[in-house]
Each structure stands twice: as C-alpha cells, then as structure tokens.
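Chain by chain, the residues run as shown.
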Amino acid sequence: MSLLDTSIEFLKGVGPKRAELLNKELGIFNYRGLLEYYPFRYVDKTQYHKSNAISPEDALIQVKGKLGKIQISGRPPKQRMVAEFIDDSGSIDLVWFKGIRFIKPTLKPDTEYVAFGRPNFFNGRINIAHPDLAEFNAEEEMLNAKLQPIYSTTEKLSGRGMNSKGIERLQKTLLVDVFKEIQEILPADQIEKWHLISRRKSFKEVHFPESPELLQKARWRLKYEEFFFIQLQVLRTQMANKAKFKGFVFDLIGDKFNTFFKHNLPFELTGAQKRVLKEIRFDLRSGTQMNRLLQGDVGSGKTIVALMSALMAIDNGFQVALLAPTSILSYQHFEGLQELLVGLPVRIKLLTGNTKTKERRELLRDLAEGELEILVGTHALLEDRVVFKNLGLAIIDEQHRFGVAQRSRLWAKSAEPTSPPHMLVMTATPIPRTLAMTLYGDLDVSVIDELPPGRKAIKTIHKTDAGRLAVFGSMRKEIAKGRQVYLVYPLINESEQLDYKDLMDGYESIARAFPNPEYQVAIVHGKMKPADKDYEMERFVSGQAQILVATTVIEVGVNVPNASVMIIESAERFGLSQLHQLRGRVGRGAEQSFCILMTGNKLSNEGKKRMEIMVRTNDGFEIAEEDLRLRGPGDLMGTQQSGLLDLKIADLAKDNQILVAAREEALQVLNNDPNLAKPEHSQINLQFRRFLKERPNWSRIS
Ligand code: ADP
Ligand code: MG
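Residues numbered from 1 in each chain as written. Chains lettered and ligands numbered in written order. Predicted model: local features only at pLDDT ≥ 70, side-chain atom pairs only at ≥ 80, totals over all residues. Heavy atoms only, no water.

*Asks:* Describe helix 8 (residues 199-207), and please don't skip the residues or the numbers.
*Replies:* Every buried residue of helix 8 is accounted for by Arg199, Ser202, Phe203, Glu205, Val206 and His207. Of the surrounding elements, those touching the buried residues of helix 8 are helix 2 (31-35), strand 1 (41-44), strand 9 (147-150), helix 6 (164-178), helix 9 (212-244) and helix 25 (682-694). (Buried < 20%, exposed > 50% of the residue type's maximum accessible area, 1.4 Å probe, protein only. Helix = DSSP H or I, 4+ residues; strand = E, 2+ residues; numbered from the N terminus. Contact = heavy atoms within 4.5 Å.)

Here it is in structure tokens:
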C-alpha cells in the first residue's frame, strides 16, 4: 500500500465531514484521487483584462480598477448590490445578491482592487456576479505572478470552504506530503522516445505550473499516461477474447452468395462497399471471431453489406440474426431484405414485440430446428426463449442505440460456448477516430466513406419562424412534383408534456395548411400504440400520405427514397449528430433534396454555430468532430455510454495524436509481455490493476 492510498479524510484541512463531501460530490476518496483531480483551466494572474475589451464569451477574467458608484436595490431576500468598477479603459459592474450587508462595509473607495470572475452581459453592460475581490498589492503580485489553477467544484463544496481556492490549498498540502512518494511508472524507453517529463514533476506542474511550457509538458504526459492505460485494457480484452474464443470458419463462397451477386444485386457496389466486404470476408474465414464496427454515413449502403455477409454465413450452414432498435426499422429491414432476396431459397422471418403468440411459437420452433436462416427483429430477439440452432453471425444495426448488455446477450446465443457468433455492428453515427479507439477499441473498424453514385448533395437551409409561409410554399411545390415531406419535432423527456403539445399544435396547423382530401398527413410519435404507429408509418412509406409529422422516432434508419424534404422544427434543440441523422432521411433518391432547419429568432451562440455547420457541410465525420468539440463525448454517444468517457485529463476531441502514440506503445508492451509479468513492467502492472479496479469496464463484451 502506498501513501497515495491514504483516505482523503486524513489530509490536513479535510477531516470526516469534508471527506464525505469530496466522496459524494467529486468521487475523491484518497490522496491519489485528489492528486488526479486536475484543474480544468488556468488563469494568467500576470495579465489583466481591459474593461472595454471583455466579452461575455470569456471564461474567467480579472480586471484591475477602483470602485465607483454603489447602488443597492430591493429588499432581502431579493436585494441586489451593483458596484461600478472602473479601470483606465472604461467600467464594468460588480453584482452581489447575497451577503450584501457583510460585503458592503468592507468596500473602500480610492483603493486599487483586482476583481476576478466570470463575465456576464446584462442590460447592455458587462458584469461579474459575486466576484473574487482583493486589494491589489504590487509586491505580492510580483512574487505570485503565475498561472493559477482553477478547479471545478460544486455549491456544496464551496459552502464548506472548498471552492477552487480551497481545493488549490488542499492540493498544495497534499503535494508537499506525497511529492517524494510519486514514482515513475512508465519504462525508460517510452520516456526517452516521447520526451516525457517525470511523473513527479508532471503532478507538481499540472497543479502549480512554473511556466506555460512546463504546464504543456505536464499535461501531455498525464494525458499520454491516461490513454496508455485505457489502451492497455482495451487491447488486453481484445487479445484475451481472441485467445479464448474460436471463430467459426466460413470458408465457402456458395450458391446463395453467388446467385445473389449475379442475379439479385440491384446495383454496382461502390468501391467502399467492396473493400468492406473484403475485410469482412477475411475475418469470417480467419478462425478468430470477428468483432467489426461498420461505420457509414446515412445512406452509404450498409444494408447490402450486411446482407452479403449474411449470405456468406448461410452458405456455410449457419444462421444469422439482425437486430434493429425499433419495430419500424426492423420491419423495413425485413421487407427490404425479402425484396432483395426474391427468388433465392433463403428463409427469413421477423420477430418483434408485436409478433402474435401463435406465429411466434412457430417461428421459435423453426429457429431452433434450423429451418430459419435469417431472423430480423428488435430487442425481442434477445429474450431467453429465442434459441438458435447455430447462430453464426449477429448483425446489430444502429449500434449506438444499444448498450453493452445487448451485445453480450447476442454473443451468448451461440450454440457453442467457446465460439460466439461473428459480430458486425453498424452505425451511421460517424464516430471520430479517437472515440472509436477508446470506446470501441476492442472492435476492428471498417468505414464506408463513399456514397452510392448519382446522389445529389442535400441542400440545407436555415429559416426562422418568419419564413414559415415560404416553407409551406416550397412544400407544396415538392408535393406537386410527387415528392414527400418529413416534418420533425423535438421530443426531449424533461418537458415531454410541452413537446407533445408542440407536436400536436404543429400537426393541426399543417393539417389546416394542407387540407384533406388534396393532401394526406400522417403522424407518428412515441405516445402512440405500436400498431397505430405502424399504420401511420405505413401510410407514409407507401406514398399514400405526402407529409409525415413525427418526433424523432424516425431518426433511425427509415428509408423512403421518394421523400425529398426534411423540415426540422426547433432545430436548435437538437444536437449536431442528431440533425445530421435526421437529414439523412432524405436525399436517398436521385432527386434534389432539401433539409430546412426551423429555429426561433433568438439563438444562442452555440445554436447559431450548429446551424452554420449544418448548412455548410454534409460530411458526417466533420459533423461528428464538431459535435464532439461542442458537446463533449458523453452527449454524443447518448447516455448509455457516457460515464465510460469521463476522462480525467485527456480530451477525446483534441488529443487524437496522443492517443495514437499511447496505443502504439501499449500494443508494443503487450506484444512483448502479454501478462505484464516482466520486471521492467512491474510498475505498469501495479498501476494497471489499480486502474481496472477504478474504471468502469471499457470492454464492450465480456
Ligand atoms: P444505410 O447505410 O443508411 O443503412 P442503406 O443500406 O439503407 O443505407 O442504403 C441507402 C440506399 O442506397 C438504399 O436505397 C440502397 O438500396 C441504396 N444503395 C446502397 N448501395 C448502393 C449502390 N452501391 N449503388 C446504388 N444504390 C445503393
Ligand atoms: Mg441503415
């Protein structure tokens, strides 16, 4: 046991009460936890902002000046105090809502102060609410000139003296105590190769930087180390799985595949589709179990790749499962595949929550006896009573909608415990490389980076409410040409009731503007019974209804090539990736398609930025990168996977190069010492075991 394992309670200045808060609020339990609680930002205490050059976008600022007029308005508890704060370029306001009667008497005129805090913009002026206000002291300033660490903290912690400053004090105490205890853990060759500064120095510099250069070096090293251990885990899992499990060998390219290829394939495969099929083909005959993530933008043609992979399995006498997140989508897959397979002796069925008892019983019997070759379905397919005779390939569509558990349940459906089915997981959410390597590091990745020929790029237009009539006009024009229109409303759980009302109001106004019998408007939302949903959806899919008013249930996978207009209401409430997914519902035919983003007049800066990006580019990868940058990884992947991505210092959006370096090294270490048993890896081993205990399990399949 190392000193770093000491309970945080025993650090001078903490004690049981504060320790409990640190546990609860920040997940800090011991010295190590605090040491690895890094500043999220630094403020250059040698620099002052000019009051006339502050923007509300600035994160934290400090201004040097003197107090001017002080005004108090209202009565407690709604009182506020506003003090003018004047420097040589102009003035800002300092504002207090609490503690006014204590603060007021301490404020001195004609005294130079430094005000520090987060700027806001209100009533045409910049202000700082509850600033840190300290008298300026030129001498001290000289001595302390440095980068000051800023720690994120919570209201509860601040209330007990653990605001950023308080945490900074604890870090100082801690570093003095443990500095000598911090040992190097990375091998000398890595340290030399990447010019890493020592571990000890990194911790000191990351909390109390001597200079921006040293801070950079410290952060680089700590990020590298964080990625290194993540990659060790991911790669070890991958290796262990490869060693533990055999893969079915699908050697044969048989009749069904060949007949399909010769007679049924409705188009020429794109180069990217061919390449990916080769990769899959290689995996399927390699003897190790395939775990492949197939990424391809919406409309890139993943389905045909899935089907042709399925035929490889079937030709070798195995069964195939295709799992889709919604019943509408699995139904579309089922229909689509049937159509593609017409004339081929391939037995395919659909299983969803709506499947009738009698039909299900029959289906399950056929499945167990091997009479069925492809089973398409929803979560219903994961139930225990669904037993395959010999499941050889499991395909998951729209992987991001499923969690770890679902994948491992499919994994377990093989008849042979040591040979799980080959897995092909498909996603249209283009995942930036960094994220894929971290989150799905145990998967091999294939990318379809080419759209089928003849597609016209979708035109994206941003409109505010004022432009609504014009939008209706365009809709009429498109419908007159025989096209169909999607109209999507956001549905976000917190305000479900309100959203629902928006949707119904929207539907009514559309129904008024596009009256029966000239127009048919279908509606689909989450509160409908599945059967009604399917009925309405079918009206649109079959072309009976020209307009579909829907919530995001259509986000995933629905394919109506005749639809050429996607209107997204309150577009500012959607994330970039979601907008891109929705947009991908159109542009599937040869016609010019449009995506119209409707927003209110007032948009936040981030909202504006998102609209601009959408209008500017159709490239899913670019959008995913931007999304990652704007929103962070947790949001991007949906709640199922967040938490897995709470990195301590590395940044998935920005640190791709560091990740690649760390991955290379981790791979090299494992290749030469798979069990980390060699003496030169003893420190890595120790740290790795600690890491495994602390982190959620990164591997998707266990
Ligand atoms: P996604 O990758 O979003 O699942 P789909 O597999 O649904 O995309 O394919 C989108 C559309 O493109 C379908 O209508 C499909 O028939 C068509 N398609 C796929 N591959 C090709 C190709 N190589 N050439 C022409 N059309 C194709
Ligand atoms: Mg699809």
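*Asks:* Can you tell me about the pattern of salt bridges, naming the residues and giving the values?
*Replies:* All told, the structure shown has 35 salt bridges when counted by the stated rule. Lys648 serves as the salt-bridge partner of Glu36, at 2.9 Å between the closest nitrogen and oxygen. Here Lys648 lies in the loop between helix 23 (633-637) and helix 24 (656-672) and Glu36 lies in the loop between helix 2 and strand 1, a separation of 612 residues in the sequence. Overall, the relative accessible area of 35% leaves Lys648 in the partly exposed class. (Salt bridge = Lys/Arg side-chain N within 4 Å of Asp/Glu carboxyl O.)

*Asks:* Provide a residue-level description of the pairing of strand 18 (residues 484-488), including the pertinent values.
*Replies:* Of all five residues making up strand 18, five are buried, and the element is well covered by its neighbours. Along strand 18, one buried face is formed by Gln484, Tyr486 and Val488 and the opposite face, lined by Val485 and Leu487, is buried too. The pairing of strand 18 with strand 21 (residues 563-568) spans five bridges and is classified as parallel. Of the residues in strand 21, the one forming a bridge with Val488 is Ile568. (Pairing = 2+ DSSP bridges.)

*Asks:* Go over the domain arrangement of the protein with me, naming the residues and quoting the values.
*Replies:* Interface size is often expressed as the accessible area that is lost when the parts come together. Domain boundaries in the protein define domain 1 (1-43 + 150-209), domain 2 (46-144), domain 3 (255-448) and domain 4 (459-617). Placing the centre of domain 2 and that of domain 4 at their C-alpha centroids yields a distance of 47 Å. (Domains from an automatic or database assignment.)

*Asks:* Tell me what's going on with helix 21 (residues 605-616), and back it up with residues and numbers.
*Replies:* Over its 12 residues, helix 21 extends 16 Å from the first C-alpha to the last, a length consistent with the 16 Å expected when each residue adds 1.5 Å. If you check which residues of helix 21 are buried, you get Gly607, Arg610, Met611, Ile613 and Met614. Mapping the buried residues of helix 21 onto a view down its axis gives an arc of 160°, with all of them on the same face. Exposed side chains of helix 21 directed beyond 90 degrees from the buried face belong to Glu612 and Arg616. (Expected span 1.5 Å × (residues − 1). Arc of directions from axis to C-beta.)

*Asks:* Lay out the packing of helix 11 (residues 271-284) against helix 12 (residues 302-315) with the relevant residues and their values.
*Replies:* Between two packed helices, what matters for the description is the angle formed by their axes and the separation of those axes. Put simply, helix 11 and helix 12 touch, their axes get as near as 10 Å, and they point 30° apart. Relative to helix 12, the element helix 11 is oriented roughly parallel. For the element pair helix 11 and helix 12, the recorded crossing hand is right-handed. From helix 11, Gln273, Val276, Leu277, Ile280, Arg281 and Leu284 reach across to helix 12, where they touch Ile304, Val305, Met308, Ser309 and Met312. The residue inventory of the contact of helix 11 with helix 12, partitioned by class, reads eight nonpolar, two polar and one charged. (Axes fitted to C-alpha atoms, helices over the stretch in contact; angles between N-to-C directions. Parallel < 35°, antiparallel > 145°, perpendicular 65-115°, else oblique. Left-handed = near helix turned anticlockwise from the far one by under 90°. Nonpolar A, V, L, I, M, F, W, Y, C, P; charged D, E, K, R; others polar.)

*Asks:* Now, about the site of ligand 1: what can you tell me, with residues and values included?
*Replies:* Near ligand 1 there are 16 residues, and of these Glu268, Gly299, Lys302, Thr303 and Arg455 occur at the shortest range. Separating an oxygen atom of ligand 1 from a side-chain N or O atom of Thr303 is a distance of 2.7 Å. Expressed as a share of its isolated accessible area of 560 Å², the protein-covered part of ligand 1 is 81%. More than half of the atoms belonging to ligand 1 lie within 2 Å of the grid points that define the largest pocket. Considering only residue class, the shell around ligand 1 consists of four nonpolar, seven polar and five charged. (Near = heavy atom within 4 Å. Polar contact = N/O pair within 3.5 Å; in protein donor to acceptor, adjacent residues only side chain to side chain. Areas by Shrake-Rupley, 256 points an atom, 1.4 Å probe, with all protein chains shown as cover. 1 Å grid on protein atoms, 1.4 Å probe; cavity = no way out; pocket = protein on both sides within 12 Å on 5 of 7 lines; lining within 4 Å. Sits in = over half its atoms within 2 Å of the grid points.)

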